[in-house]
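Close look at the chain arrangement
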Protein chains: 2
Amino acid sequence: MKKSNSSNALNKEFLHRSCSVNEAIDLISGRWKALIIIYIHEGQNRFSLLKNILSPISDQILGRQLKDLEQNGLISKTIVPEVPVRVDYELTAKGKSLLSIFDSLEEWIAS
Amino acid sequence: MKKSNSSNALNKEFLHRSCSVNEAIDLISGRWKALIIIYIHEGQNRFSLLKNILSPISDQILGRQLKDLEQNGLISKTIVPEVPVRVDYELTAKGKSLLSIFDSLEEWIAS
DNA sequence: CTGGATCCCCTATGATACTG
DNA sequence: CAGTATCATAGGGGATCCAG
(Lines give C-alpha, C1' and ligand atoms only; values in the text may rest on other atoms or scores of the structure.)
Protein backbone atom coordinates (compact mmCIF):
# COMPACT_ATOMS: atom_id res chain seq x y z
CA MET A 1 0.00 0.00 0.00
CA LYS A 2 1.25 3.39 -0.89
CA LYS A 3 1.37 5.84 1.94
CA SER A 4 -0.72 8.87 1.20
CA ASN A 5 2.15 11.16 2.02
CA SER A 6 4.81 9.57 -0.11
CA SER A 7 7.84 11.45 1.09
CA ASN A 8 9.54 10.72 -2.14
CA ALA A 9 7.05 12.63 -4.19
CA LEU A 10 6.71 15.35 -1.61
CA ASN A 11 10.41 15.92 -1.57
CA LYS A 12 10.52 16.19 -5.30
CA GLU A 13 7.87 18.83 -5.14
CA PHE A 14 9.73 20.67 -2.44
CA LEU A 15 12.84 20.64 -4.55
CA HIS A 16 11.14 22.04 -7.58
CA ARG A 17 9.62 24.83 -5.60
CA SER A 18 12.89 25.58 -3.90
CA CYS A 19 14.93 25.99 -6.97
CA SER A 20 14.22 25.75 -10.63
CA VAL A 21 17.64 24.31 -11.26
CA ASN A 22 16.30 21.06 -9.94
CA GLU A 23 13.65 21.00 -12.59
CA ALA A 24 16.23 21.40 -15.26
CA ILE A 25 18.35 18.66 -13.79
CA ASP A 26 15.37 16.39 -13.66
CA LEU A 27 14.80 16.88 -17.34
CA ILE A 28 18.29 16.02 -18.42
CA SER A 29 19.25 13.48 -15.84
CA GLY A 30 17.51 10.60 -17.48
CA ARG A 31 20.29 8.20 -18.18
CA TRP A 32 20.28 8.47 -21.96
CA LYS A 33 18.73 11.84 -22.55
CA ALA A 34 21.82 13.91 -23.00
CA LEU A 35 23.21 11.43 -25.46
CA ILE A 36 20.00 11.20 -27.41
CA ILE A 37 19.83 14.94 -27.75
CA ILE A 38 23.38 15.13 -28.93
CA TYR A 39 22.95 12.40 -31.48
CA ILE A 40 19.74 13.78 -32.85
CA HIS A 41 21.51 17.05 -33.28
CA GLU A 42 24.18 15.23 -35.24
CA GLY A 43 21.61 13.92 -37.63
CA GLN A 44 20.88 10.51 -36.15
CA ASN A 45 17.21 11.26 -36.21
CA ARG A 46 15.60 7.86 -36.58
CA PHE A 47 14.65 5.27 -34.09
CA SER A 48 16.82 2.61 -35.65
CA LEU A 49 19.80 4.92 -36.08
CA LEU A 50 19.71 5.83 -32.44
CA LYS A 51 19.31 2.23 -31.52
CA ASN A 52 22.42 1.30 -33.43
CA ILE A 53 24.57 3.95 -31.87
CA LEU A 54 23.28 3.39 -28.38
CA SER A 55 23.95 -0.27 -28.79
CA PRO A 56 23.31 -1.41 -25.24
CA ILE A 57 19.94 0.26 -25.05
CA SER A 58 16.72 -1.68 -25.35
CA ASP A 59 13.81 -0.74 -27.56
CA GLN A 60 11.70 -0.08 -24.57
CA ILE A 61 14.09 2.31 -22.92
CA LEU A 62 14.79 4.24 -26.06
CA GLY A 63 11.09 4.63 -26.63
CA ARG A 64 10.51 5.75 -23.11
CA GLN A 65 13.27 8.32 -23.18
CA LEU A 66 12.16 9.69 -26.51
CA LYS A 67 8.68 10.07 -25.16
CA ASP A 68 9.96 11.88 -22.11
CA LEU A 69 11.99 14.23 -24.20
CA GLU A 70 9.05 14.90 -26.43
CA GLN A 71 6.78 15.64 -23.49
CA ASN A 72 9.35 17.96 -22.02
CA GLY A 73 9.40 19.82 -25.28
CA LEU A 74 13.01 19.09 -26.12
CA ILE A 75 12.38 17.14 -29.27
CA SER A 76 9.55 16.87 -31.72
CA LYS A 77 8.62 13.97 -33.86
CA THR A 78 7.20 13.79 -37.30
CA ILE A 79 5.48 10.68 -38.53
CA VAL A 80 5.88 10.10 -42.22
CA PRO A 81 3.22 7.66 -43.37
CA GLU A 82 5.32 5.72 -45.80
CA VAL A 83 5.52 1.97 -45.91
CA PRO A 84 7.06 1.10 -43.66
CA VAL A 85 6.25 3.95 -41.34
CA ARG A 86 9.06 6.40 -40.84
CA VAL A 87 9.50 8.76 -37.94
CA ASP A 88 11.81 11.71 -37.89
CA TYR A 89 12.96 13.28 -34.67
CA GLU A 90 14.35 16.74 -34.38
CA LEU A 91 15.34 19.13 -31.67
CA THR A 92 13.05 21.95 -30.74
CA ALA A 93 14.44 25.39 -30.01
CA LYS A 94 14.53 24.45 -26.38
CA GLY A 95 16.41 21.28 -27.20
CA LYS A 96 18.95 23.17 -29.23
CA SER A 97 19.56 25.68 -26.53
CA LEU A 98 20.55 22.81 -24.30
CA LEU A 99 23.50 22.05 -26.48
CA SER A 100 25.46 25.03 -25.30
CA ILE A 101 24.81 24.02 -21.72
CA PHE A 102 26.17 20.61 -22.50
CA ASP A 103 29.27 22.29 -23.84
CA SER A 104 29.69 24.11 -20.58
CA LEU A 105 29.30 20.89 -18.68
CA GLU A 106 31.93 19.18 -20.78
CA GLU A 107 34.35 21.98 -20.14
CA TRP A 108 33.55 21.91 -16.48
CA ILE A 109 34.01 18.20 -16.01
CA ALA A 110 37.31 18.35 -17.84
CA SER A 111 38.66 21.09 -15.65
CA MET B 1 24.40 -12.50 -5.90
CA LYS B 2 25.30 -9.83 -8.34
CA LYS B 3 25.47 -10.94 -11.91
CA SER B 4 28.92 -10.52 -13.35
CA ASN B 5 27.61 -8.68 -16.34
CA SER B 6 25.36 -6.25 -14.62
CA SER B 7 23.94 -4.39 -17.56
CA ASN B 8 23.21 -1.49 -15.33
CA ALA B 9 26.85 -0.91 -14.48
CA LEU B 10 27.99 -1.70 -17.99
CA ASN B 11 25.62 0.82 -19.45
CA LYS B 12 26.82 3.47 -17.10
CA GLU B 13 30.35 2.81 -18.20
CA PHE B 14 29.30 2.95 -21.81
CA LEU B 15 27.66 6.28 -21.22
CA HIS B 16 30.67 7.81 -19.58
CA ARG B 17 32.88 6.70 -22.38
CA SER B 18 30.45 7.94 -24.97
CA CYS B 19 30.18 11.41 -23.69
CA SER B 20 31.64 13.28 -20.79
CA VAL B 21 28.45 15.24 -20.36
CA ASN B 22 27.02 12.19 -18.72
CA GLU B 23 29.71 12.26 -16.10
CA ALA B 24 28.87 15.80 -15.27
CA ILE B 25 25.20 15.02 -15.07
CA ASP B 26 25.93 12.14 -12.77
CA LEU B 27 27.71 14.44 -10.39
CA ILE B 28 24.95 16.99 -10.14
CA SER B 29 21.90 14.82 -10.50
CA GLY B 30 21.82 13.66 -6.92
CA ARG B 31 18.49 14.85 -5.73
CA TRP B 32 19.74 17.49 -3.30
CA LYS B 33 23.14 18.31 -4.63
CA ALA B 34 22.34 21.38 -6.62
CA LEU B 35 20.48 22.88 -3.72
CA ILE B 36 23.22 22.08 -1.25
CA ILE B 37 25.81 23.74 -3.44
CA ILE B 38 23.69 26.83 -3.83
CA TYR B 39 23.00 27.14 -0.13
CA ILE B 40 26.58 26.60 0.88
CA HIS B 41 27.47 29.34 -1.53
CA GLU B 42 24.96 31.57 0.21
CA GLY B 43 26.66 31.01 3.52
CA GLN B 44 24.62 28.17 4.94
CA ASN B 45 27.75 26.25 5.60
CA ARG B 46 26.89 24.07 8.56
CA PHE B 47 25.25 20.74 8.85
CA SER B 48 22.44 22.03 11.01
CA LEU B 49 21.88 25.13 8.91
CA LEU B 50 21.48 23.03 5.82
CA LYS B 51 19.25 20.66 7.67
CA ASN B 52 16.97 23.49 8.68
CA ILE B 53 16.63 24.89 5.21
CA LEU B 54 16.22 21.54 3.57
CA SER B 55 13.56 20.70 6.07
CA PRO B 56 12.29 17.48 4.58
CA ILE B 57 15.72 15.96 4.34
CA SER B 58 16.89 13.35 6.79
CA ASP B 59 20.24 13.35 8.53
CA GLN B 60 21.26 10.32 6.61
CA ILE B 61 20.59 11.76 3.22
CA LEU B 62 22.19 15.07 3.95
CA GLY B 63 25.30 13.34 5.21
CA ARG B 64 25.49 11.10 2.22
CA GLN B 65 25.08 13.90 -0.26
CA LEU B 66 27.69 16.00 1.47
CA LYS B 67 30.07 13.09 1.37
CA ASP B 68 29.43 12.57 -2.32
CA LEU B 69 30.01 16.21 -3.06
CA GLU B 70 33.19 16.13 -1.08
CA GLN B 71 34.49 13.08 -2.90
CA ASN B 72 33.66 14.63 -6.22
CA GLY B 73 35.72 17.61 -5.25
CA LEU B 74 32.88 20.11 -5.27
CA ILE B 75 32.99 21.03 -1.61
CA SER B 76 35.56 20.83 1.13
CA LYS B 77 34.99 20.49 4.80
CA THR B 78 36.88 21.88 7.74
CA ILE B 79 36.48 20.37 11.15
CA VAL B 80 36.86 22.85 13.96
CA PRO B 81 37.52 20.97 17.20
CA GLU B 82 35.48 23.14 19.48
CA VAL B 83 32.98 21.87 21.96
CA PRO B 84 30.69 20.93 20.52
CA VAL B 85 32.41 20.05 17.30
CA ARG B 86 31.84 22.44 14.45
CA VAL B 87 32.20 21.65 10.78
CA ASP B 88 32.43 24.25 8.07
CA TYR B 89 31.67 23.43 4.49
CA GLU B 90 32.79 25.51 1.58
CA LEU B 91 32.79 25.29 -2.16
CA THR B 92 35.95 24.40 -3.98
CA ALA B 93 36.90 26.19 -7.17
CA LYS B 94 35.22 23.43 -9.07
CA GLY B 95 32.12 23.82 -6.98
CA LYS B 96 32.03 27.54 -7.60
CA SER B 97 32.41 27.14 -11.31
CA LEU B 98 29.25 25.11 -11.24
CA LEU B 99 27.26 28.11 -10.11
CA SER B 100 27.38 29.77 -13.48
CA ILE B 101 26.17 26.57 -15.07
CA PHE B 102 23.26 26.52 -12.67
CA ASP B 103 22.49 30.04 -13.76
CA SER B 104 22.35 28.89 -17.35
CA LEU B 105 20.08 26.05 -16.39
CA GLU B 106 17.72 28.38 -14.61
CA GLU B 107 17.53 30.63 -17.60
CA TRP B 108 17.01 27.66 -19.83
CA ILE B 109 14.20 26.11 -17.85
CA ALA B 110 12.45 29.45 -17.63
CA SER B 111 12.54 29.99 -21.35
C1' DC C 1 10.03 -0.09 -38.58
C1' DT C 2 8.39 2.00 -34.47
C1' DG C 3 7.27 1.42 -30.44
C1' DG C 4 3.55 -0.25 -26.33
C1' DA C 5 2.69 -3.86 -22.50
C1' DT C 6 4.51 -6.44 -19.02
C1' DC C 7 7.48 -7.97 -15.63
C1' DC C 8 11.96 -8.00 -12.88
C1' DC C 9 15.89 -5.94 -10.72
C1' DC C 10 18.90 -2.56 -8.86
C1' DT C 11 20.09 1.69 -6.81
C1' DA C 12 19.23 6.00 -4.85
C1' DT C 13 16.38 7.76 -1.50
C1' DG C 14 14.37 7.68 3.14
C1' DA C 15 13.20 6.54 8.22
C1' DT C 16 14.97 5.32 12.50
C1' DA C 17 18.21 4.55 15.91
C1' DC C 18 22.73 4.97 17.65
C1' DT C 19 27.64 7.03 18.54
C1' DG C 20 31.62 10.48 19.51
C1' DC D 1 26.34 19.08 16.95
C1' DA D 2 27.65 16.07 13.28
C1' DG D 3 27.36 12.40 11.59
C1' DT D 4 27.18 6.58 10.72
C1' DA D 5 24.70 1.81 10.71
C1' DT D 6 20.92 -0.58 9.54
C1' DC D 7 16.86 -1.58 7.24
C1' DA D 8 12.95 -0.54 4.10
C1' DT D 9 10.95 1.31 -0.17
C1' DA D 10 9.75 3.50 -4.74
C1' DG D 11 10.80 4.33 -9.11
C1' DG D 12 13.95 4.26 -12.92
C1' DG D 13 16.28 1.25 -15.86
C1' DG D 14 16.26 -3.09 -18.32
C1' DA D 15 14.72 -7.61 -20.95
C1' DT D 16 11.42 -9.79 -23.51
C1' DC D 17 7.41 -10.32 -25.94
C1' DC D 18 3.70 -8.29 -28.67
C1' DA D 19 1.24 -4.96 -32.02
C1' DG D 20 0.04 -1.32 -35.62
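First, a word on what this report is: a plain description of the structure on this page. (Residues numbered from 1 in each chain as written. Chains lettered and ligands numbered in written order. Predicted model: local features only at pLDDT ≥ 70, side-chain atom pairs only at ≥ 80, totals over all residues. Heavy atoms only, no water.)

In the vicinity of DNA strand D there are 23 residues, among which Trp32, Gln60 and Arg64 of chain A together with Asn11 and Tyr89 of chain B approach most closely. In DNA strand D, atoms within 4 Å of the protein come 64% from sugar and phosphate. At 2.5 Å from a phosphate oxygen of DNA strand D is found a side-chain nitrogen or oxygen belonging to asparagine 11 of chain B. Among the elements of the structure, helix H5 (59-71) of chain A together with helix H1 (7-18), helix H4 (47-53), helix H5 (59-71) and strand S2 (86-91) of chain B are those that each provide at least two residues to the surface near DNA strand D. (Near = heavy atom within 4 Å. Polar contact = N/O pair within 3.5 Å; in protein donor to acceptor, adjacent residues only side chain to side chain. Helix = DSSP H or I, 4+ residues; strand = E, 2+ residues; numbered from the N terminus.)

Next up on the list: the relation of the copies chain A and chain B. Between chain A and chain B, the superposition needs a rotation of 180 degrees and an axial shift of 0.0 Å, giving an RMSD of 0.1 Å. What the rotation and shift describe, once combined, is the action of a two-fold rotation axis. Proximity to the rotation axis, assessed at the C-alpha, singles out serine 29 of chain A in chain A; its C-alpha lies 3.0 Å from the axis. Taken as a fraction of all interface residues of chain A, those also at the interface in chain B reach 100%, which identifies the copy contact as same-surface. (Least-squares fit on C-alpha atoms with pLDDT ≥ 70 in both. Contact = heavy atoms within 4.5 Å.)

Moving on, we get to the packing of aromatic side chains. In this structure the tally under the stated criterion is two aromatic pairs over all chains. The interplanar angle of 45 degrees and the centroid separation of 6.2 Å between the aromatic rings of phenylalanine 14 of chain A and tryptophan 32 of chain B together place this pair among those described as tilted. With one member in each of two chains, phenylalanine 14 of chain A in helix H1 (residues 7-18) and tryptophan 32 of chain B in the loop between helix H2 (20-28) and helix H3 (33-41) form a pair that bridges those chains. Residues phenylalanine 14 of chain A and tryptophan 32 of chain B agree in their burial class; the two are buried. Lysine 94 of chain A extends its terminal NZ or CZ atom over the ring of tryptophan 108 of chain B, reaching a point 5.4 Å from the ring centre. (Phe/Tyr/Trp six-rings, centres within 6.5 Å; stacked < 30°, edge-to-face > 60°. Buried < 20%, exposed > 50% of the residue type's maximum accessible area, 1.4 Å probe, protein only. Lys NZ or Arg CZ within 6 Å of the ring centre and 35° of its normal.)

Next up on the list: the packing of H1 of chain B against H2 of chain B. In helix packing, the relevant descriptors are the interaxial angle and the interaxial distance, both defined with respect to the helix axes. Residue and element names in this part refer to chain B. Interaxial distance between H1 and H2 falls to 5 Å at its minimum, and their mutual angle equals 120 degrees. The angle between H1 and H2 falls in the class oblique. Taken together, the residues of H2 that come into contact with H1 (itself represented by Lys12, Leu15, His16 and Ser18) are Ser20, Asn22, Glu23 and Asp26. For the contact of H1 with H2, the class distribution of residues is one nonpolar, four polar and three charged. (Axes fitted to C-alpha atoms, helices over the stretch in contact; angles between N-to-C directions. Parallel < 35°, antiparallel > 145°, perpendicular 65-115°, else oblique. Nonpolar A, V, L, I, M, F, W, Y, C, P; charged D, E, K, R; others polar.)

This part takes up the protein's contact with DNA strand C. Taken together, 21 residues form the shell around DNA strand C, and within it Lys77 and Tyr89 of chain A together with Arg31, Trp32 and Arg64 of chain B come nearest. Sugar plus phosphate, as a fraction of atoms of DNA strand C within 4 Å of the protein: 59%. Contact distances for DNA strand C include 2.2 Å between a phosphate oxygen and a side-chain N or O atom of tyrosine 89 of chain A. The contact in question runs from a base oxygen of DNA strand C to an N or O atom on the side chain of arginine 64 of chain B, over 3.2 Å. Mapped onto the surface near DNA strand C, the elements with two or more residues apiece are H1, helix H4 (47-53), H5 and strand S2 (86-91) of chain A together with H5 of chain B. If you tally residues by element for the surface near DNA strand C, the top one is H5 of chain B, at four residues.

This part takes up the side chain of aspartate 88 of chain A. All names here are of chain A. Residue position: aspartate 88 is located in strand S2. Owing to a relative accessible area of 17%, aspartate 88 belongs among the buried residues under this scheme. Engagement of the side chain of aspartate 88 in a polar contact is seen with the side chain of arginine 46, the distance being 2.8 Å. In this structure the side chain of aspartate 88 is engaged in a polar contact, spanning 2.8 Å, whose partner is the side chain of arginine 86. Excluding its chain neighbours within four sequence positions, the residues that come into contact with aspartate 88 are Asn45, Arg46, Ser76, Lys77, Thr78 and Val80.

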